Amino acid sequence: MPPPEFFTAVDMLSATTLWQAALMLAGFIAFLMAGSKFLPGREVMLTDVDGKTRPCKLNGLSLFLLTFAVAGLAAYFGWFSLSALYTHFAALFIVTNVFAFAFSAWLYWRGTGTEGAPAGFWRGYFFGRERDPALFGVDLKMFSYRPSLIGLALLNVSFAVVQYQTYGGLTLAMTLYQIFTFAYIFNYFQFENGMIYTWDIVSERFGWMLVWGDYVLVPFFYCITGWWLVDATGPDLPPAAAAGLALLFVFGFWLFRGANEQKHRFKQDSGVKIWGKPAETLDGRLLVSGFWGIGRHLNYTGEICVYLAFTLTAAFASLTPLLLPAWLATLLSHRCLRDERRCRAKYGELWERYTARARFAMLPFVY
């Protein structure tokens, strides 16, 4: 159940707050689109499942830092406070939903006549007709991770701003939450090039499923812990619990980032060294060194650990934020099964040899 403050925010909904929220959203997306187009960055070629390539500029880290620099300057000069994201949370949620549905409709319309598009309106709208749409020369699938994750980061920081303004300081739980989430999102943009190999970018078409997930689900649901922590000023997180959560976060981050980095390095250079030894493979195609010789999807396990560390910072306020790692565990377990089916169909007997070598999917000695 949402905290009482959420119902207060809903009660404050009006035509004015909705209009202000719409302006915030429009300005935010326009700013990110302009930054994606004009900020310098490394040019790469994205390759889809059919082998077709398209250009993309990797300047997400610069754009992430620029966004926070602008937000900081706006707050310093009194032009805008991130606390407005908290007070307009419900209005922003509504207008972003409207945008996601309208944007998906536009994508469906512009994809008319696309070869191989899903048949029927609902499938075409839900999954998308085009695989690689672009606007003003900006790849829309890669771009949409930016309002998604930068929006999440801004919402998270808004919770800290409100707690500080209201109570004159930050709790240990809020401080840890801010460190964990900022480090995670910063690292995403630091290694943004890893996204060009993901299933979403390579294979998925761009429709409501990805649009709503990027623009609504991630920023407004993944910040649930920060929302609960704003007024959680009672018994704070004990130092021992804080240390344990820091260890869980570091372990999950090491597992998540380490596994992904090993895979990306191997794809770029099959002769790379992993854990100090030359990479070992099956027929030069499947990596069986490092994490990939232990489990087939340990990167998913690491990501779940990271989000569990996020949400447990609010354990003394509410267990409701645990819905986030529960959702993520369900999502990634399902994706694990989909990955297994695709890989078995792609590699055949080689995949059977790999599963015999890396016996565990996500949890060593368990699953």
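This text goes with the structure placed above it.
Residues numbered from 1 in each chain as written. Predicted model: local features only at pLDDT ≥ 70, side-chain atom pairs only at ≥ 80, totals over all residues. Heavy atoms only, no water.

(A) Quick look at unusual backbone geometry. The backbone of phenylalanine 136 sits at a positive phi, close to 55°, despite the residue not being glycine. Note that phenylalanine 136 resides in the loop between β3 (134-135) and β4 (138-139). For phenylalanine 136, a relative accessible area of 59% puts it in the exposed group. (Helix = DSSP H or I, 4+ residues; strand = E, 2+ residues; numbered from the N terminus. Buried < 20%, exposed > 50% of the residue type's maximum accessible area, 1.4 Å probe, protein only.)

(B) Examining the side chain of threonine 17 more closely. Relative to the elements of secondary structure, threonine 17 occurs in helix α2 (residues 15-38). In this structure threonine 17 comes out as buried when scored by relative accessible area, which is 16%. At 2.8 Å, the side chain of threonine 17 forms a polar contact with the backbone nitrogen of serine 14. (Polar contact = N/O pair within 3.5 Å; in protein donor to acceptor, adjacent residues only side chain to side chain.)

(C) Here's a closer look at the packing of aromatic side chains. If you walk through the whole model with that rule in mind, you get 44 aromatic pairs. Members of the aromatic cluster, joined through ring pairs, are Tyr177, Phe180, Tyr184, Phe221, Tyr222, Phe249, Phe253, Phe256, Tyr307 and Phe310. Its end group placed over the ring of tyrosine 108, arginine 129 keeps NZ or CZ at 3.7 Å from the ring centre. (Phe/Tyr/Trp six-rings, centres within 6.5 Å; stacked < 30°, edge-to-face > 60°. Lys NZ or Arg CZ within 6 Å of the ring centre and 35° of its normal.)

(D) Structural context of the nonpolar core. Among the nonpolar cores identified, the biggest contains 89 residues, and Met142, Ile150, Phe159, Tyr184, Ile185, Tyr222 and Phe310 are the most heavily contacted of them. The biggest single contributor to this core is helix α7 (residues 140-167), with 14 residues. By size, the runner-up hydrophobic cluster in this structure holds 18 residues, among which are Val272, Leu286, Leu298 and Leu350. (Core = buried A, V, L, I, M, F, W, Y, C linked by side-chain atoms within 4.5 Å.)

(E) Highlighting a nonpolar patch on the surface. Side chains of Leu73, Tyr76, Phe77, Trp79 and Phe80 sit close together on the surface and give an oily, nonpolar patch of about 650 Å² of accessible area. Among the structural elements, phenylalanine 77 can be located in the loop between α3 (60-76) and α4 (83-87). (Patch = residues over 30% accessible without salt bridge, like charges linked within 9 Å, V, L, I, M, F, W, Y side chains within 5 Å. Areas by Shrake-Rupley, 256 points an atom, 1.4 Å probe, with all protein chains shown as cover. Salt bridge = Lys/Arg side-chain N within 4 Å of Asp/Glu carboxyl O.)

(F) Structural context of the packing of α2 against helix α5 (residues 89-110). Put simply, α2 and α5 touch, their axes get as near as 8 Å, and they point 60° apart. With respect to α5, the axis of α2 lies oblique. Both α2 and α5 take part in a crossing whose hand is right-handed. Across the interface between the two elements, Thr17, Leu18, Ala21, Ala22, Met24, Leu25 and Ile29 of α2 pack against Ala91, Leu92, Ile94, Val95, Thr96 and Phe99 of α5. Counted by class, the contact of α2 with α5 contains eleven nonpolar, two polar and no charged residues. (Axes fitted to C-alpha atoms, helices over the stretch in contact; angles between N-to-C directions. Parallel < 35°, antiparallel > 145°, perpendicular 65-115°, else oblique. Left-handed = near helix turned anticlockwise from the far one by under 90°. Contact = heavy atoms within 4.5 Å. Nonpolar A, V, L, I, M, F, W, Y, C, P; charged D, E, K, R; others polar.)

(G) Seen up close, the pattern of salt bridges. Applying the stated criterion across every chain yields a total of twelve salt bridges. Aspartate 132 is paired through a salt bridge with arginine 54; the nearest N and O atoms lie 3.0 Å apart. Of this pair, aspartate 132 sits in the loop between α6 (121-127) and β3 while arginine 54 is found in strand β2 (residues 53-58), placing the two residues 78 residues apart along the sequence. A relative accessible area of 9% means that arginine 54 is categorised as buried. Aspartate 283 is the partner of arginine 353 in a salt bridge, and the nearest nitrogen-oxygen pair spans 3.2 Å. Highlighted residues: arginine 353 in helix α15 (residues 349-357) and aspartate 283 in the loop between β7 (281-282) and β8 (286-287), separated in sequence by 70 residues. Residue classification places aspartate 283 among the exposed positions, given a relative accessible area of 54%.

(H) Quick look at α2. With 24 residues, α2 extends 34 Å from end C-alpha to end C-alpha; this agrees with the ideal 34 Å at 1.5 Å per step. Residues of α2 that are buried: Thr17, Ala21, Met24, Leu25, Phe28, Ile29, Leu32, Met33, Gly35 and Ser36. (Expected span 1.5 Å × (residues − 1).)

(I) Representation of the side chain of serine 289. As for its placement among the helices and strands, serine 289 is situated in the loop between β8 and α13 (298-312). Residue classification places serine 289 among the buried positions, given a relative accessible area of 9%. Side-chain polar atoms of serine 289 contact the backbone nitrogen of glutamate 280, separated by 2.6 Å. Ignoring sequence-local partners within four residues, the contact set of serine 289 consists of Gln262, Ile274, Pro278, Ala279 and Glu280.

(J) Structural context of the environment of methionine 362. Structurally, methionine 362 is set in the segment after α15. By relative accessible area, which is 5% here, methionine 362 ends up buried. Considered as a pair, methionine 362 and leucine 282 are 80 residues apart in the sequence and their alpha carbons are 20 Å apart.

(K) Highlighting the environment of leucine 92. Mapped onto the elements of the fold, leucine 92 is located in helix α5. Counting along the chain gives 74 residues from leucine 92 to leucine 18, while the straight-line C-alpha distance between them is 7.2 Å. The residues contacting leucine 92, other than those within four sequence positions of it, are Ala21, Met24, Leu85 and Phe220.

(L) Here's a closer look at the environment of proline 40. Within the secondary structure layout, proline 40 lies in the loop between α2 and β1 (42-47). Relative accessible area serves as the criterion here: at 63%, proline 40 is assigned to the exposed category. Sequence-wise, proline 40 and phenylalanine 220 are 180 residues apart; in three dimensions their C-alpha atoms are separated by 29 Å.

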